[in-house]
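Next come the chains, spelled out residue by residue.
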Amino acid sequence: RKEVEQDPGPFNVPEGATVAFNCTYSNSASQSFFWYRQDCRKEPKLLMSVYSSGNEDGRFTAQLNRASQYISLLIRDSKLSDSATYLCVVKSYNQGGKLIFGQGTELSVKP
Amino acid sequence: DAGVTQSPTHLIKTRGQQVTLRCSPISGHKSVSWYQQVLGQGPQFIFQYYEKEERGRGNFPDRFSARQFPNYSSELNVNALLLGDSALYLCASSSHTENTEAFFGQGTRLTVV
């Protein structure tokens, strides 16, 4: 079983749609959680950190459920420029702080 | 300020050859990590260095090695290249090993033929 699992998609949505990505992780010792965005053939870039209380950044909302070991990302009013791969990432300090990535979920927003 | 820089950006090698990839972290960052990303997958952790010491190693064969220099730059070396080593190799720098954001370089795309 992979340490971090995501639905690979692709998710094809029209502009303005709301889309939700889910992610589960297996290591209960995981302590930090993130969503990264990766454009085609580019490096991953931090989109947002994820906290148990939930956090919002404009059209993006991230949630963490530690009991279920589940992370989510909600994108509202999607734009063409949101088209990218979204990577769910966890960090466990008992593993030297390495980042553990899911395989990524591809999003394509169409006009 | 310059971000994380990696060289070369693209590389083509033949099976059995050796390759060295280079990474310069953001100024002031002392931690460098290396990741391998094959097509269609998320990046996989290879090594982490902090203050020139290895702090973590992923599940990669001994053909993979790395080091960090006194100026905190780093090299990743891969010997006896296999076709399966073809991937995007990413370097990430952070100020510490824990609880700080990691910034990625643009990567080196290695193709083994």
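Residues numbered from 1 in each chain as written. Chains lettered and ligands numbered in written order. Predicted model: local features only at pLDDT ≥ 70, side-chain atom pairs only at ≥ 80, totals over all residues. Heavy atoms only, no water.

A. A look at the pattern of salt bridges. Residue and element names in this part refer to chain B. Inspection of every chain in the model, using the stated rule, returns nine salt bridges over all chains. In this structure, glutamate 54 and arginine 57 form a salt bridge, with 3.3 Å as the shortest nitrogen-oxygen distance. When its relative accessible area of 37% is taken as the criterion, glutamate 54 is described as partly exposed. Residue classification places arginine 57 among the partly exposed residues on the basis of a relative accessible area of 42%. In this structure, a network of salt bridges that share partners links the residues Arg22, Arg67 and Glu75. (Salt bridge = Lys/Arg side-chain N within 4 Å of Asp/Glu carboxyl O. Buried < 20%, exposed > 50% of the residue type's maximum accessible area, 1.4 Å probe, protein only.)

B. View of the state of the cysteines. Residue and element names in this part refer to chain A. Tallied over the entire structure, the rule returns two disulfides over all chains. One disulfide in the model links cysteine 23 with cysteine 88; its S-S distance is 2.0 Å. Its torsion about the S-S bond being -75°, the disulfide of cysteine 23 and cysteine 88 is classed as left-handed. Here cysteine 23 is found in strand β3 (residues 19–25), whereas its partner cysteine 88 is found in strand β9 (residues 84–91), with 65 residues between them in sequence. (Disulfide = S-S within 2.5 Å. Helix = DSSP H or I, 4+ residues; strand = E, 2+ residues; numbered from the N terminus.)

C. Fine view of unusual backbone geometry. Residue proline 10 of chain A is reached from glycine 9 of chain A by a cis peptide bond, and omega for that bond is 10°. Turning to its location among the elements, proline 10 of chain A is positioned in the loop between β1 (4–6) and β2 (11–14). The amide bond that connects serine 7 of chain B to the next residue, proline 8 of chain B, takes the cis arrangement and shows omega of -10°. With respect to the helices, strands and loops of the structure, proline 8 of chain B is situated in the loop between β1 (5–7) and β2 (10–13).

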